[in-house]
Amino acid sequence: MSDLVIVESPAKAKTIEKYLGKGFEVKSSMGHLRDLPKSTIGVDIQGGFIPQYVEIDGKEAMIRDLKKASDKSGTVYLATDPDREGEAISWHLKELLGLDDKKARRITFNEITKKVVTESIKNPRSLDMDRVDAQQARRILDRIVGYKLSPLLWKKIKRGLSAGRVQSVATRIVCDRENEIRAFVEEEYWSIDVQLRLIGKPGGFTARFTGDKNGKIELKNGDEAKKIVDAVTGAEFEVQKVTRGTKSRSPAPPFITSTLQQDASRRLGFQPRRTMSIAQQLYEGIDIEGYGSVGLITYMRTDSQRISAEAITSVRSFIRARYGAGFVPKEPRYYKTKSGAQDAHEAIRPTDVAFDPEEIKRSLSQDQYKLYKLIWGRFLACQMENAAYDTYAIDTAADGYIFRATAQSVRFHGFLAVYEEGRDDDGEEKAPQLPNIEQGEKLEAAAIVPEQHFTKPPGRFTEATLIRAMEEKGVGRPSTYAPTISTILEREYVIKESKTLRPTPLGEVVTNLMKDKFDDIIDVEFTARMESSLDDVEAGKRAWKDVLKEFYAEFEKELLIAEQDTERIKIPDEETDVPCDLCGRKMVIKSGRFGRFLACPGYPECKATKPITEEMPGACPNCASKILKRKSKNGYTYYSCEKGAECGFMSWDVPTKDNCPDCGKTLFKRSGKGAMKPFCINATCVSFLPEDKRGYKRKSSKAEGAGGEATSETAEKAEGKTTRGKKTAASKTAPKKSAAKKAPAKKKTAAKAPGKSAAGKSRAGKAAVQNTETE
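Everything in this summary refers to the structure shown in the same document.

What counts and how
- Residues numbered from 1 in each chain as written.
- Predicted model: local features only at pLDDT ≥ 70, side-chain atom pairs only at ≥ 80, totals over all residues.
- Heavy atoms only, no water.
- Helix = DSSP H or I, 4+ residues; strand = E, 2+ residues; numbered from the N terminus.
- Buried < 20%, exposed > 50% of the residue type's maximum accessible area, 1.4 Å probe, protein only.
- Phe/Tyr/Trp six-rings, centres within 6.5 Å; stacked < 30°, edge-to-face > 60°.
- Lys NZ or Arg CZ within 6 Å of the ring centre and 35° of its normal.
- Contact = heavy atoms within 4.5 Å.
- Polar contact = N/O pair within 3.5 Å; in protein donor to acceptor, adjacent residues only side chain to side chain.
- Pairing = 2+ DSSP bridges.
- Axes fitted to C-alpha atoms, helices over the stretch in contact; angles between N-to-C directions.
- Core = buried A, V, L, I, M, F, W, Y, C linked by side-chain atoms within 4.5 Å.
- Parallel < 35°, antiparallel > 145°, perpendicular 65-115°, else oblique.

1. Re unusual backbone geometry
Across residues other than glycine, the phi torsion is negative in most instances, and most of the peptide bonds are trans.
Reasoning step 1: Note that the residue after Y603, namely P604, is joined by a cis bond; omega there is 10 degrees.
Reasoning step 2: Backbone geometry at D399 places phi at a positive 55 degrees, although glycine is not the residue there.
Reasoning step 3: Along the chain, the position of D399 falls in the loop between β15 (387-398) and β16 (401-412).
Reasoning step 4: On the accessibility criterion, D399 (53% relative accessible area) is exposed.
Reasoning step 5: The phi dihedral of A624 is positive, around 70 degrees, even though this residue is not glycine.
Reasoning step 6: For A624, the location among the structural elements is in the loop between β24 (614-616) and β25 (627-631).
Reasoning step 7: Classification of A624 as exposed rests on a relative accessible area of 56%.

2. Observations concerning the packing of aromatic side chains
Reasoning step 1: Across all of its chains, the model carries 18 aromatic pairs by this definition.
Reasoning step 2: With a centroid separation of 5.7 Å and 70 degrees between ring planes, the pair formed by F237 and F403 is classed as edge-to-face. Of this pair, F237 sits in strand β12 (residues 237-249) while F403 sits in strand β16; the two residues are 166 residues apart in sequence, bridging distant segments of the chain.
Reasoning step 3: With relative accessibility at 0%, the residue F403 sits in the buried group.
Reasoning step 4: Centroid distance F518 to F555: 6.0 Å. Interplanar angle 45 degrees. Geometry classified as tilted. Within this pair, whereas F518 is found in the loop between α14 (505-517) and α15 (524-538), its partner F555 is found in helix α16 (residues 544-565), the two being separated by 37 residues in sequence. Summarising the burial analysis for this pair, F518 and F555 share the class buried.
Reasoning step 5: An aromatic cluster is present here, built from F49, F518, F526, F551, Y552 and F555 joined pairwise through their rings.
Reasoning step 6: Here the basic side chain of R34 rests over the ring of W91, its NZ or CZ set 5.3 Å away from the ring centre.

3. Description of the environment of E188
Reasoning step 1: If you trace the backbone, E188 turns up in strand β9 (residues 188-198).
Reasoning step 2: Taking the C-alpha atoms as reference points, E188 and H453, separated by 265 residues in sequence, lie 5.9 Å from one another.
Reasoning step 3: Other than its neighbours up to four places away in sequence, E188 contacts K220, N221, G222, Q452, H453 and F454.
Reasoning step 4: Here the side chain of E188 touches W190 through a polar contact of 2.7 Å, side chain to side chain.

4. Describing the side chain of S9
Reasoning step 1: Relative to the helices and strands, S9 is located in the loop between β1 (3-7) and α1 (10-20).
Reasoning step 2: A distance of 3.2 Å separates a polar side-chain atom of S9 from the backbone nitrogen of K12.
Reasoning step 3: In this view, S9 contacts S28 and E284; residues no more than four positions away in its chain are not counted.

5. What about the sheet that holds β25?
Reasoning step 1: Taken in spatial order, the four strands make up an open sheet running β24-β25-β26-β27, and their pairing is antiparallel. Looking along the sheet, the strands with just one partner apiece sit at the ends: β24 and β27 (650-651).
Reasoning step 2: The pairing of β24 with β25 spans three bridges and is classified as antiparallel. Note that in β25 the partner of E615 across the bridge is L628.

6. With respect to the sheet that holds β1
Reasoning step 1: In spatial order, the strands read β2-β1-β7-β8; together these four strands make up an open sheet with parallel pairing. Strands at the two margins of the open sheet, each flanked by one partner only, are β2 (24-28) and β8 (104-106). Within the sheet, the average angular offset between the axes of one strand and its neighbour, ignoring direction, is 25 degrees.
Reasoning step 2: Pairing geometry for β1 and strand β7 (residues 76-78), over three bridges, is parallel. Bridged to I6 within β7 is L78.

7. A word on the nonpolar core
Reasoning step 1: Among the nonpolar cores identified, the biggest contains 62 residues, and L296, I297, L371 and Y372 are the most heavily contacted of them.
Reasoning step 2: The biggest single contributor to this core is helix α11 (residues 366-382), with ten residues.
Reasoning step 3: In contact with I297, other than residues within four places in its own chain, are A279, L282, Y283, I348, R349, P350, T351, Y372 and I375.
Reasoning step 4: F49, I144, V509 and L548 belong to the second-largest nonpolar core, a separate cluster that totals 41 residues.

8. Overview of the packing of α1 against helix α4 (residues 114-122)
Reasoning step 1: Contact geometry for α1 and α4: axes closest at 9 Å, N-to-C directions at 75 degrees. Judged by the angle between their axes, α1 and α4 are roughly perpendicular. Along its contact with α1, which presents I16, Y19 and L20, the element α4 presents K114, V117, T118 and I121.

9. Things to note about the side chain of E87
Reasoning step 1: Here E87 lies in helix α3 (residues 84-96).
Reasoning step 2: Assessed through its relative accessible area of 0%, E87 is described here as buried.
Reasoning step 3: Within the local environment of E87, its side chain forms a polar contact with the side chain of R106, the two groups lying 3.0 Å apart.
Reasoning step 4: Within the structure, E87 has its side chain in polar contact with the backbone nitrogen of D128 (distance 2.9 Å).

10. Remarks on the environment of N179
Reasoning step 1: Among the secondary structure elements, N179 is positioned in helix α6 (residues 165-183).
Reasoning step 2: Assessed through its relative accessible area of 33%, N179 is described here as partly exposed.
Reasoning step 3: Considered as a pair, N179 and E508 are 329 residues apart in the sequence and their alpha carbons are 10.0 Å apart.

It is worth stressing that arrangement in space is one thing and function is another; only the former is reported here.
So this is what it looks like as structure tokens:
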């Protein structure tokens, strides 16, 4: 009689089956097989918070198959993911299949390698009911909040809204930042740069005013700056001090879930959900040429920075062999896990550093390769020697005022040979080159440049910085960051503009209602304490029903008061600066089933609508006007001049902020994911890159203009417009991208829907067909 191993996914099953061999049958459950019902709350609150689980629709055949397999098996090993959710899935499997404690055994893998899998089979355990109860408590808590609050939002604001325990707090964080930006009062300050020349020999550099012999001076207005400029104009500058030194920089710790999502967002442009999906594939197993199915990384839902002694020994040997002994620190690096972390699993790392991403690239998809390379590089770097820099500073003085210039250069790359952590800002300015100079040398000022500045408000959150804020505030856990951000974007409580997150009027209305009536639920500290309570349940320190009772007692009172005291709230329109073409009023942003669009506030008297366009960097290569990002009716993204047919410029390529060094016109880059090399599309330029050499797999078109760029006529046809009243398929007239870029069939179907309703009078349908978002 063989034993049965049940995992969540077929990929994981395939990898584990390879390691176990004969005597084991491995099957997958495809995630949860039972859950709370969709149509009702599914929790008997008055009866003691008893959940009423039901089989998930469509899983009946799978349950029968697993039941049949378990009945004829000896031991059933429940091998779902090693977290609360995985523990709960195993418990549901045990209950559904009617397994007793002796037959059902629990095994977990922090990494799916032959050694770990075979050791786990030899050392099974019973189900951890404390961990199951922690998952049940979270699930029921979120169900109560969602099912009790959502109907209130329907009555008081708008039908179809939802509220969630963690998503509401995440939305509040974004709204609070927006309020900070609005309340920000800019302050004036000045800088003074002096361009200095060496006397009697070539060379020069720029130094910035820092203060005087008494210390730093901040210039708060033009009068203060003018006083110093007047004092040093015509004065002799002298090198007061030259400082040479060294500094070192330590590598970043290994990835945990939040930092992986942040760095993948900054460096690869991956959304958190996409990052976790790819990481799951790497964890469960990839078919590697010559090796079969291999789990490439350790478990990716973790808040621990712990690394096993075996992994440290392995990576230090690898670094020594590849980079040399000088790149290996004398002692291994150990990283302290932050307080409050569960520390249930190791940090995210490769299961075997010998799997160099470049050597297995052929076996990986482009996204898998990029993410694996990021994880592999970060892990190597965290056990490498510090980077070392030579620093150089020159202090010059004139009339008692000090101007400083600084520079640094890499003396030893250390961990930078493998990996450098991404940044949230636009990048670090390159340090200038400074001449060799000695104390006492005389200099003359070629130019003195005072400049006015104003302090800037705090920046809006990106997905990466929002995850960091949630982690720092204790909102959610590693498994919840990605779905939380996806939810608030899907609900349009928050929208993404040029990679930053901004709350919508809807999001702010919902947040203000929650702050007014349910301040504890939407309070960041309360949410963090609730996460801590769930951790206590998992640790066996608290009973899960006590946590629910404590929460519900206060929540029920607040819900009753909110029902009685809250009047219906109108969502304010989001006004824009775009004038209505028909009546001249400023258009507002509306949401329809196909997305956001511009509409005239004078509806129904004025029914004008427009798709939302986004201004891009650079300038039109034909007339130097603005370039706008647009969507065709078939879902294609293209870029055209704001003057439309009057100018005629249109391109599938993406404009950049950089200009061609030869002709001075805007450089473009190929559309698609990841970093792309910019190129010039000006056919008269010596650096012109023809369209057939830009990397696209597209057919030639008779409608293309000079230089391979599509004309405005092509753009009109791409949007389904005609010259004789007949609709023209975009696929036959516009330059095509690769087959993978085609709009999905369901998008095409949806695009036709507005024309069928109310004789085509749907305002949302008219504009949003051109504004359909595609991944």
